[in-house]
Amino acid sequence: MAAKFRRKVSITGNQDFLDLKLKEPVRIAAGALGVKEALRHSFKEMGVARSMKALSSMNQHDGFSCPSCAWPDPENPSKIGEYCENGAKALADEATTAQVDATFFKRHSVEELSQLTDYELNKLGRIVAPFVLREGSIHYEPIAWTEAYALIAAELKKLESPNEAIFYTSGRSSNEAAFLYGMFARAFGTNNMPDCSNMCHESSGVALSETLGIGKGSVKLEDLYEAEVVIVAGQNPGTNHPRMLSALAKCKENGGKVISINPLEESGLVNFKNPQHLKGWVGPPQSIADIHLPVKINQDIALIKLILIKLAALDSIKNDIFDHEFLKTYVAGYQNLLDNLKTFDEKLLLAQCGVSKEKIEETVTLLAKKSKIVVCWAMGLTQHKNGVANIREYVNLLLLKGAIGKPNAGTCPVRGHSNVQGDRSVGIMHFVNETLNKNIEQFLGFVPPKQEGYDTVAAMKAMHDGAAKFFMCLGGNFLMAASDTTYTAEAIQNCDFTVQISTKLNRSHLVTGKIALILPTYGRSEKDIKNGKLRNITIENSMGQVRQSRGLLQPITDAIRSEPEMIAAIADTYFEGKHSMNWKAMGENYELIRQKIDQVISGFSNTEHRSKGAGYYLPNNVRELDFSKLPEGKAQLTINTMPEHHLEKDEYLLMTMRSHDQFNTTIYGLDDRYRGIYNERRVLFMNQKDMHEAGLAAQDVVAIRSEYDGILRTAPRFKVIPYAIPQSNLAAYFPETNVLVPFNHFADKSNTPISKSIKVKLVKM
Ligand SMILES: Nc1nc2c(c(=O)[nH]1)N[C@H]1C(S)=C(S)[C@@H](COP(=O)(O)OP(=O)(O)OC[C@H]3O[C@@H](n4cnc5c(=O)[nH]c(N)nc54)[C@H](O)[C@@H]3O)O[C@H]1N2
Ligand SMILES: Nc1nc2c(c(=O)[nH]1)N[C@H]1C(S)=C(S)[C@@H](COP(=O)(O)OP(=O)(O)OC[C@H]3O[C@@H](n4cnc5c(=O)[nH]c(N)nc54)[C@H](O)[C@@H]3O)O[C@H]1N2
Ligand code: SF4
Ligand SMILES: [Mo]
């Protein structure tokens, strides 16, 4: 047999150091500097006219929804501009005028391109035509749209079972695209639909479903404004959800207090200048966090248990700290939880969480008399082995205080991708939902598969083991986003056929199956015109609100297609026009898709009309205090065990996080000004005492190593930076450190990779 052809592609790109500059971290988030940075990026990528046109329409009622994070827009968007620096960067990044075309691919092979860094790859610009990488070739070449669709259909027909195909989704796609994509996967015959949520808020979904009966948050934006206390745990809003700071500022103006729970004191939570208000330009900065609890990595359970024990002790005096009326009416498990709390030793919990006694007392005193409490969180809670338990422990606090299902109180898992929540709502999921399946049969006229499909971790394994051969991605950068880059690269390269529907080049276009396709699509900011009609899509934000989005920029080229249109065309080609769904018509007219969404997806109704303007909220049982689907018809208090990390003297826990200049695997720039890092990403944040003990000086070069199940993984060449981080904890940027995350270690129940608590050792180079 002939040797297998493998392209010689790099999974890291060039790892040489740049010219690192260190400065004092900028401690005031947003403000005039944020606006200046936003405009600098926009003007450079898009030119002044295109930038001003797009920015003035972003997040306005008749405009397009920011393509970056899922933070909601206020009812009445500010006319000064309802966007933040990182929203503007995301826009500039997708609406850039730089282009990747046929001449480019003729000149550069995938092997050569893979030597570039992720930053350099992204800078190359928008992909302007469909391309194919044929078997045995190292150059992409142009392919006609119809030929590309036919190739996909033919490859799907070659498979022995529909379960040999996997359909991944990243969270930027519209409800319309995601609905068609999910229904096509099912009509084809598989539930193999991993999505970025699996690596993101899956732990939140599982924990909230178990305890409150819905896998989404319960608060609306307005709830934050008059909350008495907002806890921000495991989240860096100054970088990742910047306009959340405006909501926190408003809460503080109304007398509310903010508690930050985070190993790092993130700049956005220290000071803020609101660029949407005049006083944010001329006045002094507003402080945000009243209390900062520098918890050790993955010790939130110890910290919250300690707070609960102290609150319970206060409550035992006059029964006036917990909401006993609420507990009796709506909550199960109170006595069990109280009994369980008594089994813990306060001193041990204190040592474990790493926070000072004084700060904990201050927190307990503040929480004792308050009931309008909101807990916001993101990846700092979800991406651990006990990610689900972390969130359940915070829910315990809310339930005991009766801070659920009332105005100005509740859960706020802050979603990442701008439409990750909508994608899930409209049917992107690997598990089986019986109501959905029934609706599909009734309204779409086919029988969907009943066998659970692969999530992200299972998908990697299936490709690696040869059980899956066809891998299609609606957006994203699976190779760099998933854990264990070396393993994931092998998995993808084992496939016969891989397809990327995308806007810009990333490493997943270079490390591919034997044959690979790139199908380029519009960005959210671009006009989507068909038969002379400007079409709009819909999205769902982090708080369950569905609204329209309509692009206004001239598309980069007419040679690309919208996501719904190409998915519909693929389905139509595969079914040869013979299927119970009229794919072709839906690809042309999104109103038909929305009609089907209304019929098939619970909670959606009259979307065509109701998604206009500020949009509409999907039903949410927690807001109605309806726990009828849970055991005893009640919300559930839970008993959660403590995480165990036995660290040797030379071992540390590493969290992998985002810099201020990136969107997930898309690297916009090389600075992280809120942490004082300029012109380098291969840095490792370390406690000064730990550095001293390990004999390391600032900017020494180390290799980071993790060893799980006898496999040694190495991320070479990182510069050590002294930083205010708890001892035995380390931090570095993702995706450079994903090589260290073992593929077979993930959160219990949610399977989210343990990207925030990787046990590592350092080797001085
Ligand atoms: N500009 C920009 N915006 C983004 C993104 C982006 O990359 N760039 N990504 C989007 C996506 S998909 C997502 S999911 C979100 C991510 O938003 P975040 O979750 O804010 O992102 P991370 O950088 O992963 O930051 C995690 C935070 O958790 C803290 N942390 C780590 N471990 C622990 C722990 O054990 N306990 C506690 N209490 N804290 C901990 C870290 O110090 C850090 O502040 O942002 C979205 N928005
Ligand atoms: N170690 C570590 N790993 C992590 C994380 C972490 O904190 N640490 N975070 C995890 C999280 S929270 C997430 S959500 C995942 C993210 O995983 P993904 O969603 O897979 O990755 P992204 O980097 O967001 O994808 C970026 C690519 O999407 C494409 N794209 C952009 N806009 C569009 C569009 O409108 N349509 C289409 N079709 N394509 C588009 C572009 O080609 C771009 O290169 O990563 C996860 N991985
Ligand atoms: S907060 Fe998020 S959604 Fe809002 S403008 Fe900024 S990046 Fe965009
Ligand atoms: Mo995410």
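As shown above, the structure is provided for reference.
What you see as residue numbers is a count from 1 along each chain, following the sequence as written. Naming scheme: in the order in which they are written, chains are lettered from A and ligands are numbered from 1. In keeping with the model being predicted, local features are shown solely for residues with a pLDDT of at least 70 and side-chain atom pairs are shown and tallied solely at 80 or more, while totals for entire chains, interfaces and linings include all residues. Heavy atoms from the whole structure form the basis of all side-chain values; hydrogens and water molecules are not counted.

**Student:** What exactly am I supposed to notice about the pattern of salt bridges here?
**Tutor:** Within this document, salt bridges are pairs made up of a side-chain nitrogen of Lys or Arg and a carboxyl oxygen of Asp or Glu, the two lying within 4 Å of each other. All told, the structure shown has 48 salt bridges when counted by the stated rule. Measuring nitrogen to oxygen at the nearest pair gives 3.4 Å for the salt bridge that ties Arg-134 to Glu-147. Here Arg-134, found in the loop between strand S5 (131–133) and strand S6 (141–142), pairs with Glu-147, found in helix H7 (residues 145–158); they are 13 residues apart in sequence, far enough to count as distant. Residue Arg-675 is joined to Asp-672 by a salt bridge in which the shortest nitrogen-to-oxygen separation is 2.8 Å. Helix and strand labels come from DSSP, where a helix needs a run of H or I of at least four residues and a strand needs a run of E of at least two; each type is numbered from the N terminus.

**Student:** Please clarify how the sheet that holds strand S16 (residues 470–474) should be interpreted in this entry.
**Tutor:** The strands making up a sheet associate through hydrogen bonds between their backbones, and the pairing can be parallel or antiparallel. Two strands pair if DSSP finds at least two bridges between them. Overall, mixed pairing links the 6 strands, which are arranged S6-S5-S18-S17-S16-S7 in an open sheet. The open sheet terminates on both sides in strands that have one partner only, identified here as S6 and strand S7 (165–169). Sheet topology note: the S16/strand S17 (residues 497–502) ladder contains 5 bridges and is parallel. Bridge pairing in S17 links Phe-470 to Phe-497. Whether two residues touch is decided by their heavy atoms; if any such pair falls within 4.5 Å, the residues are in contact. Note on geometry: axes are C-alpha line fits, over the in-contact stretch for helices, and angles between N-to-C directions span 0 to 180 degrees. The strands touched by helix H8 (residues 175–188) within the sheet are S7 and S16, with S7 carrying the most contacts at an inclination of about 165 degrees.

**Student:** Help me understand the layout of surface pockets in this model?
**Tutor:** Once rolled over the atoms, a probe with the size of a water molecule shows which space is left empty. Roughly 1,200 Å³ of volume is contained in the largest pocket. Of all the secondary-structure elements, those providing two or more residues to the lining of the largest pocket are helix H9 (202–212), helix H21 (420–425) and helix H22 (434–444). Considering each element in turn, the lining of the largest pocket owes the most residues, 5 residues, to H9. Looking at the lining of the largest pocket, its residues break down into 15 nonpolar, 15 polar and 7 charged. Note that the domain bounds were set by an automatic or database domain assignment. Both of domain 1 (125–200 + 419–524 + 558–609) and domain 2 (202–413) provide at least three residues apiece to the lining of the largest pocket. Definitions used throughout: a 1 Å grid over protein atoms alone; a cavity as a set of points that fits a 1.4 Å probe which cannot get out; a pocket as an open set with protein on both sides within 12 Å along at least five of seven lines; a lining residue as one with an atom within 4 Å of a point. Grid points are joined across faces, edges and corners, and a volume is the space filled by probe spheres set on the points. Roughly 640 Å³ of internal volume is contained in the second largest pocket. Each residue is assigned to one of three groups, with Ala, Val, Leu, Ile, Met, Phe, Trp, Tyr, Cys and Pro labelled nonpolar, Asp, Glu, Lys and Arg labelled charged, and all others, Gly among them, labelled polar.

**Student:** Could you clarify how one ought to interpret the site of ligand 1 in this entry?
**Tutor:** One heavy atom within 4 Å of a molecule or strand is enough for the residue carrying it to be called near that molecule or strand. The full set close to ligand 1 counts 31 residues, and Asn-262, Glu-266, Asn-298, Gln-662 and Asn-664 are the nearest of them. Under the rule applied, a polar contact is a pair of N or O atoms within 3.5 Å (in protein, one hydrogen donor and one hydrogen acceptor; residues adjacent in sequence only if both atoms are side-chain atoms). Asn-236 has a polar backbone atom sitting 2.8 Å from an oxygen atom of ligand 1. Between an oxygen atom of ligand 1 and a main-chain N or O atom of Asn-664, the distance comes to 2.6 Å. All accessibility values rest on the Shrake-Rupley procedure with a 1.4 Å probe; residue burial counts only the protein chains present in the view. Out of a free accessible area of 930 Å², ligand 1 has 99% covered by protein chains. At the level of secondary structure, the elements contributing two or more residues to the shell around ligand 1 comprise helix H11 (237–240), helix H19 (379–382), strand S25 (652–657) and strand S26 (662–663). Residue composition of the shell around ligand 1, grouped by class: 12 nonpolar, 15 polar and 4 charged. Both of domain 2 (202–413) and domain 3 (652–764) provide at least three residues apiece to the shell around ligand 1.

**Student:** Could you clarify how one ought to interpret a nonpolar patch on the surface in this entry?
**Tutor:** There is a patch of nonpolar side chains on the surface, built from Phe-43, Val-48 and Met-52 and spanning about 250 Å² of accessible area. Within the secondary structure, Phe-43 is located in helix H1 (residues 31–46). For patches, a residue must show more than 30% relative accessible area and have no salt bridge; joins then use 9 Å for like charges and 5 Å for nonpolar side chains, namely Val, Leu, Ile, Met, Phe, Trp and Tyr.

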